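Coordinates in review
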Amino acid sequence: MSVLVFVESAEGKIKKTSLEAVAYGAKMSDEVVVVAFGNVASDELESTGKYGANKVLHISDDSYNDGVIQAYATAIAQAMDQSGADALVMANSSLGTPVAARVAIKKGAGLVTNVSDLPDTSNGFEVKKSIYTGKAFATVKVDKAIKVLAIKKNAVELVEGSGSAAVEAFSPNAQDGDFATKITATKKAEGDVLLPEAEIVVSGGRGLKGPENWGMIEDLAKTLGAATGCSKPVSDMDWRPHHEHVGQTGVKVAPNLYIAVGISGAIQHLAGVNSSKNIVVINKDPEAPFFKAADYGIVGDAFEVLPKLTEAIKALK
Amino acid sequence: MKILVCITHVPDTTSRISFTDNDTKFDTNGVQFIIGPYDDYALARAVELKEANGATLTVLNVGLADAEPTIRKALAIGADDAIRVNAEPSDSLFVANQIAHYAKEGGYDLILMGRESIDFNGGVVHGMVGEILGLPSISPVMTLELDGNTAQLSREIEGGKEQIEVDLPFVAGCQEPIAEWKIPNMRGIMTARTKPLNVVEPVGDETGATLVNFEMPPAKGAVKMIDADNVGELVDLLKNEAKVL
Ligand SMILES: Cc1cc2nc3c(=O)[nH]c(=O)nc-3n(C[C@H](O)[C@H](O)[C@H](O)COP(=O)(O)OP(=O)(O)OC[C@H]3O[C@@H](n4cnc5c(N)ncnc54)[C@H](O)[C@@H]3O)c2cc1C
């Protein structure tokens, strides 16, 4: 098997979830080629070798700086031809997943998204995926010769090795309609830590009473180097921007630590956090359902507990 | 203008998930089914576009007869007619092939659906349909405005959003805040009973992957409660037990 890995970058840095995709590819095969788009420096591209890539196909043409779904799908399918790949791996993301769909059709491939574990090839090609928004798993069998997998965060452990990948320029042949969608502007959210990738998330709910009280959440997040999140009513009421909304209909997070403050723990909220490794719940109601899903809990008033917690962590650092 | 909205028929978001038949079947016992929440956003926006611009609005579901109450609900919310492709929606490639076939036959200007279903969470049917039909596909779409033949969309990206301009026809996978969910009113429910719901047969049987079995996640350990006056203990546990600080 020969694997092509589509990696995404932000501000010239390859995303951690994409490095996980490289590491995943390296567990499937010794032949791992990466395809990368846009303005990424050679040494950054070479560093994918540390996770098992042999070679990088770099598409540096400016028209590919933005993630245009159709154009990326065409380019990636051509990169698969170029490298002779019979499998494509990428991170499950707002770009990766829609692109994977189109590549799968182009290549007549079997596609599995939300993959949570390495494939089992002892009896054909079987792979496990998360379903029902993290509430269960399904193992599926892919019979098609070509496989496309979009993997979830933490599907594989990221261990840094010592290799270096050879970087080659690659120029795809754009097809008719590839740039039919025009990206006219890109707005980046405020804050340093991106929620979907964060290792620690501090999230606030309706219990915080109003947007003016988010300073406490931000202080704790800053102290921890964490991203901030919220429950759906909080973003519905415009206390916080929509992209911070965690849950069934929002962002699904998978951090090492999720701290929920003044969130009741409705099943739809839990659906977005059930892949977290550790959950801390701070709620004044001892009956709040979130405590049943938590590892650590404090029954108390957020307005008293949060500042104390932030101080205690500051003291530690 | 002709709008097609594809809807899933999925367990309510509060459903207890469990499996039967040696973990190969979803246990529908006591489970209530709904229009997929993301599809419901797509439908709500389509109804608004229809009201603003004049359009015919068709809903399509790939599903068995038990999905008909869900389809009727979409008709009550404001769709004019419905197509049910009579087959189990067990695989995203299979579903995409069905949608593409009937979408092509209907010649729609706009094909909307949710960004993903909430049962299998594939998130790929919109892209597959777009690729099969040679149309642009955009997902996850947060806003959609029409100006004649051109649409302005915003698409969510990790930690931000993109503004996108695209001409009709295209396929979009929708999410909030594209519109607010609509609750059918009495008149809608009455008229939905007589709106056409056409049952058609599936085309082909190609699938991308087949189910081997389902599995539940390992049970969660008990929560450790810490006194509110002793946050130092929490910090200590996070540092030395969970090892996350
Ligand atoms: C189809 C569907 C999809 C949904 N998707 C999502 C989703 O993706 N994400 C999501 O979050 N929700 C979602 N919801 C909504 C969900 O059902 C809940 O309504 C929502 O999560 C509740 O938000 P909350 O916990 O902030 O508010 P509440 O339920 O009002 O809880 C507030 C909590 O704060 C506590 N509190 C109050 N004051 C204090 C204080 N001073 N200190 C400490 N604690 C305090 C209270 O005890 C309470 O537990 C969805 C609903 C539906 C029907």
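None of the values given here were measured: they were computed from a predicted structure.

A closer look at the environment of T70 of chain B
Residues and elements named next belong to chain B.
- Tracing the backbone shows T70 in helix α2 (residues 68-77).
- Counting along the chain gives 62 residues from T70 to T8, while the straight-line C-alpha distance between them is 8.6 Å.
- In terms of polar contacts, T70 uses its side chain to reach the side chain of H9, at 2.7 Å.

Examining the domain arrangement of chain A
Residues and elements named next belong to chain A.
- Looking at the assigned domains, one finds that chain A contains domain 1 (2-169) and domain 2 (195-316).
- Distance from the C-alpha centre of domain 1 to the C-alpha centre of domain 2: 31 Å.
- Listed by partner, the interface residues are nine residues for domain 1 and 13 residues for domain 2.
- For domain 1, the biggest contributors to the area lost against domain 2 are T133, K135 and K153; these three give 58% of the whole.

A few points about a nonpolar patch on the surface
Residues and elements named next belong to chain B.
- Taken together, the side chains of M186, I189 and M190 make up a nonpolar region of the molecular surface, amounting to roughly 290 Å² of accessible area.
- Turning to its location among the elements, M190 is positioned in helix α5 (residues 186-192).
- Residue classification places M190 among the partly exposed positions, given a relative accessible area of 44%.

As for the sheet that holds strand β14 (residues 227-230) of chain A
- Spatial strand order, β14(A)-β13(A)-β15(A)-β16(A)-β17(A)-β15(B): six strands in an open sheet with parallel pairing. Each end of this open sheet is capped by a strand with a single partner; those strands are β14 of chain A together with β15 (224-226) of chain B. In this sheet, neighbouring strand axes are inclined to one another by 20° on average, regardless of whether the strands run parallel or antiparallel.
- As paired strands, strand β17 (residues 296-299) of chain A and β15 of chain B are joined by three bridges and run parallel to one another. Paired with Y296 of chain A across the two strands is K224 of chain B, which belongs to β15 of chain B.
- Each of β15 (257-261), β16 (278-283) and β17 of chain A touches helix α8 (residues 302-316) of chain A; the most contacted strand, β16 of chain A, lies at about 135° to it.
- Set on the sheet, helix α6 (residues 231-240) of chain B makes contact with β15, β16 and β17 of chain A together with β15 of chain B; between it and β17 of chain A the angle comes to about 170°.

Focus on the interface of chain B and chain A
- Facing 78 residues of chain B, the contacting portion of chain A comprises 82 residues.
- Across the interface of chain B and chain A, roughly 6800 Å² is buried in total on both sides, 59% from carbon and sulfur atoms.
- A salt bridge links E206 of chain B to K144 of chain A; the nearest nitrogen and oxygen atoms lie 2.5 Å apart.
- On inspection of chain B and its partner chain A, the count reaches 39 residue pairs in polar contact (both at pLDDT 80 or more).
- If you tally residues by element for the side of chain B that touches chain A, the top one is strand β11 (residues 160-167) of chain B, at seven residues.
- Its residues placed into classes, the side of chain B that touches chain A shows 42 nonpolar, 19 polar and 17 charged.

The rules behind each value
- Per chain, residue numbering runs from 1 following the sequence as it is written.
- Throughout, the order in which chains and ligands are written sets their labels, letters from A for the former and numbers from 1 for the latter.
- Given that this is a predicted model, residues contribute local features only at a pLDDT of at least 70 and side-chain atom pairs are listed and counted only at 80 or more, while totals for whole chains, interfaces and linings are drawn from all residues.
- With hydrogens and water excluded, all non-hydrogen atoms of the structure serve as input to the side-chain values.
- A run of H or I in DSSP becomes a helix once it reaches four residues, and a run of E becomes a strand once it reaches two; helices and strands are each numbered from the N terminus.
- Definition of a polar contact: a pair of N or O atoms within 3.5 Å, with one able to donate and the other able to accept a hydrogen when the atoms are protein atoms, and with sequence-neighbouring residues admitted only if both atoms are side-chain atoms.
- In this entry, domain limits derive from an automatic or database-based domain assignment.
- Should any heavy atoms of two residues lie within 4.5 Å, those residues are considered in contact.
- Summed over both partners, the accessible area (1.4 Å probe) lost when two parts come together is defined as the buried area.
- Patches in this entry comprise residues that are over 30% relatively accessible and not in a salt bridge; like charges within 9 Å are linked, as are nonpolar side chains (Val, Leu, Ile, Met, Phe, Trp, Tyr) within 5 Å.
- Only the protein chains shown count as cover for residues, with accessible areas throughout obtained via the Shrake-Rupley method and a probe of 1.4 Å.
- Should a side-chain nitrogen of Lys or Arg be within 4 Å of a carboxyl oxygen of Asp or Glu, the pair is scored as a salt bridge.
- Exposed residues in this analysis have more than 50% of their type's maximum accessible area, buried residues have under 20%, and partly exposed residues fall in between, with area computed by a 1.4 Å probe over protein chains only.
- When DSSP finds two or more bridges between a pair of strands, those strands are recorded as paired.
- Axis geometry follows a simple rule: fit a line to the C-alpha atoms, using only the stretch in contact for helices, then measure angles between N-to-C directions, giving values from 0 to 180 degrees.
- Note on residue categories: nonpolar means Ala, Val, Leu, Ile, Met, Phe, Trp, Tyr, Cys or Pro, charged means Asp, Glu, Lys or Arg, and polar means any other residue, Gly included.

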